Amino acid sequence: MTELIDLSGVEFWGRSPRDRDRSLAVLRREAPVSRQRPLDDPVLPGAAGDGYWAVVGHAEVVAVSRDPETYSSDARYGGVTMEALPPALARATQSIIAMDAPEHALLRRLVSSAFTPRRMSLMDAAIRRAARDIVGAVAEPGREFDFVAEVAEPLPIWAICEILGLDEPDRTWILPHANAMTGCRDPLFGGTDPIGALRDGLVAFGALTAELIDDRRRHPGDDLISALAEAEVDGERLTDDEIAAFVILLVIAGNETTRHAIAHGVKALRDSPEQWAAVAADPEGLLDGAVEEMVRWATPIMTFRRTVTRPALLGGHRVTPGESVVLFYESANRDESVFEDPWRFDIRRRPNRHIAFGGGGPHFCLGAVMARKQIRHLVAEVVTRLPGLELAEPRYVLGNFINAIGTMAATNGAKP
Ligand code: HEM
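These numbers were taken from a predicted model, which means no experiment stands behind them.

## What to know about the overall build of the protein
Inference 1: Across its full length, the protein carries 16 helices and 14 strands.
Inference 2: A globule of 416 residues ought to have a C-alpha radius of gyration of about 22 Å, and the protein, at 21 Å, matches this closely.
Inference 3: Across its three principal directions, the C-alpha atoms of the protein cover 60 × 60 × 40 Å.
Inference 4: Burial analysis of the protein (416 residues in total) assigns 59% to the buried set.
Inference 5: Of the roughly 17100 Å² of accessible surface on the protein, a fraction of 54% belongs to carbon and sulfur atoms.
Inference 6: Counting 46 positive and 60 negative side-chain charges, the protein places the averaged centre of each group 4 Å from the other.

## Topic: the nonpolar core
Inference 1: Phe147, Val266, Leu269, Val325 and Leu389 are the most contacted members of the largest nonpolar core, which has 119 residues in total.
Inference 2: It is helix α12 (residues 240-270) that contributes the most residues to this core, 14 residues altogether.
Inference 3: The residues contacting leucine 389, other than those within four sequence positions of it, are Phe145, Phe147, Val266, Arg270, Trp276, Val382, Ala410, Thr411 and Asn412.
Inference 4: One finds Ile5, Ala54, Met82 and Phe328 within the second-largest nonpolar core, a separate group that totals 16 residues.

## Some thoughts on the packing of aromatic side chains
Inference 1: By the definition in use, this model includes eight aromatic pairs.
Inference 2: When the centroid spacing of 4.9 Å and the interplanar angle of 90° are considered together, the rings of phenylalanine 12 and tryptophan 13 count as edge-to-face. Of the two residues, phenylalanine 12 and tryptophan 13, both sit in the buried class.
Inference 3: Seen from their ring centres, tryptophan 297 and tryptophan 343 are 5.4 Å apart, and the 75° between their planes marks the pair as edge-to-face. Taken together, the residues span a long stretch of sequence, with tryptophan 297 in helix α14 (residues 283-298) and tryptophan 343 in the loop between α15 (329-332) and α16 (368-385) at a distance of 46 residues.
Inference 4: Take tryptophan 343: its relative accessible area is 22%, and that puts it in the partly exposed class.
Inference 5: The positively charged end of arginine 35 is found above the aromatic ring belonging to tryptophan 53, 5.0 Å away from the centroid.

So, how was this worked out
Residues numbered from 1 in each chain as written. Predicted model: local features only at pLDDT ≥ 70, side-chain atom pairs only at ≥ 80, totals over all residues. Heavy atoms only, no water. Helix = DSSP H or I, 4+ residues; strand = E, 2+ residues; numbered from the N terminus. Rg over C-alpha atoms; globule rule 2.2 N^0.38 Å. Buried < 20%, exposed > 50% of the residue type's maximum accessible area, 1.4 Å probe, protein only. Areas by Shrake-Rupley, 256 points an atom, 1.4 Å probe, with all protein chains shown as cover. Lys, Arg positive; Asp, Glu negative; His and termini not counted. Charge placed at Lys NZ, Arg CZ, Asp CG, Glu CD. Core = buried A, V, L, I, M, F, W, Y, C linked by side-chain atoms within 4.5 Å. Contact = heavy atoms within 4.5 Å. Phe/Tyr/Trp six-rings, centres within 6.5 Å; stacked < 30°, edge-to-face > 60°. Lys NZ or Arg CZ within 6 Å of the ring centre and 35° of its normal.

The structure is reproduced here in structure tokens:
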């Protein structure tokens, strides 16, 4: 049975999350680690390798994530996306997420300065204000709008611009480039050439960061670019290209992820009137649990890849150096052995051991605190100011990386 389950076809990745999970559930039960044929990728010919190990069980995804010595993320093996990229492109666009120790630990320590608890609490009030403005702009009764474009999308990109200390007009410039780099497989974002989109993004972000670095060296501020321009690793300054790579990673890692957690999460909450009403009545008591369940439900990053560096046993299979291992976070977060009735959206789920931010290894999401704050403040505004919100079925975006909703029609209807 499991050999009939094919995760490599374009057809698989064009299905809805629930349809995909019908296949993943069979694998979880019968083969939490399985050998898969090379990806069918009409737009990245040659980049799909000679097949891969698909890891779909929660325990196995955690085990691989926590063993970076056996399972490398390094750019020299093509980085962490399901399709291995040419190493230079992986290095230039994936930054620390495509590095192993010790380089990874050094650079991670450096960029962590932008995410300290102190900085996060300083940003909290600003995030709350931004969330209020975003929801306020669609709060007029009867207003029809696209929930993704007008509510879910603006806050994450605003937050990244804040971290980077960007001024207008760079803020308006950044979004189309960011969308093109991640959504490049779907015609909605106008592209069928992901390598080309990554290269264009690289050139554009390279030019932007070069200007910013030049400016911040002359007028240092309290932003990440200033910190990176000044920073030294092992007595060496980061190059402009290294800083540009981190900016690209931030824009990819922090933008669509949070956007789609909000879009999937609010849709699930709206589809459960009892839970919606409960959150609206007791935001302080229920929002934290709601945010965790929304992130589990959405699992915005569906897959990341590792490369085997030494012989090992994985789920009873012998894996050998050079082989690709793909972590299916989306499947791990529906693992019946960890989550009772995993397709029940339940804001009171305890414990909620989802691994949407990673399986707990050295690459665990650096922006998790920031993402949770954004989702929390936005959802608090949505449930209190859009009590009659009606949401149409989402239009999903084709791709094997981000669990994306392209559009979702919304009406601010009368209170139900
Ligand atoms: C709901 C939203 C988000 C989700 C689901 C998410 C998910 C992830 C995942 C799965 C990883 C890799 C973990 C691993 O390999 O073990 C990761 C890494 C990362 N994330 Fe997030 N992320 C989100 C939001 C953000 C935000 C808002 C930012 C920053 C503004 C951010 C920045 C990063 C960075 C820099 C890394 C690389 C860390 C490293 O390699 O050491 N993420 N994220």
